[in-house]
Amino acid sequence: MSAPLDVGIDHVSMNISYSPRGNAAVDVVLDLAERHGLVIYDPQFDEVFGLHGDYEDPVGLGN
């Protein structure tokens, strides 16, 4: 969570550690994404959040 973000014209990439602090960071990121209508992709689990306004349950790619 202390590493700089990779910011591009169409993405923001970040590394978040698996820890209580990381869990809190994920909650903030999900909240911000929902507020701004953004989609989150988690490559570790191949999950997408935010499609069709659902930020709590991941959806499979291609759904």
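All values derive from a computational prediction rather than experimental measurement.

Asks: Teacher, can you tell me more about the overall build of the protein here?
Replies: The secondary structure content of the protein amounts to one helix and four strands. Helices (α) and strands (β) of the protein occur, in sequence order from the N terminus, as β-β-α-β-β. For the protein, with 63 residues in total, the buried portion stands at 14%. A sequence separation of at least 24 residues applies to 4% of the contacts in the protein between residues at least 6 apart.

Asks: Would you mind going over the pattern of salt bridges with me for this structure?
Replies: Where side chains of opposite charge bring their charged atoms close, a pairing between them can arise. Summed over the entire model, instances satisfying the criterion amount to one salt bridge. Residues arginine 35 and aspartate 31 are paired through a salt bridge, measuring 2.6 Å at the closest nitrogen-oxygen approach. Placement of both arginine 35 and aspartate 31 in helix α1 (residues 20-36) is noted, with a separation of four residues, approximately one turn of the helix. By relative accessible area, aspartate 31 is classed as partly exposed at 33%.

Asks: For this particular structure, what's the right way to read the environment of methionine 14?
Replies: Within the secondary structure layout, methionine 14 lies in the loop between β2 (12-13) and α1. Residue methionine 14 is classed as partly exposed on the basis of its relative accessible area, which comes to 35%. In this structure, the C-alpha to C-alpha distance between methionine 14 and proline 4, residues 10 residues apart in sequence, is 7.6 Å. Methionine 14 has contacts with Leu5 and Val29, leaving out every residue within four places of it along the chain.

Reading the values: the criteria
- Residues numbered from 1 in each chain as written.
- Predicted model: local features only at pLDDT ≥ 70, side-chain atom pairs only at ≥ 80, totals over all residues.
- Heavy atoms only, no water.
- Helix = DSSP H or I, 4+ residues; strand = E, 2+ residues; numbered from the N terminus.
- Buried < 20%, exposed > 50% of the residue type's maximum accessible area, 1.4 Å probe, protein only.
- Contact = heavy atoms within 4.5 Å.
- Salt bridge = Lys/Arg side-chain N within 4 Å of Asp/Glu carboxyl O.

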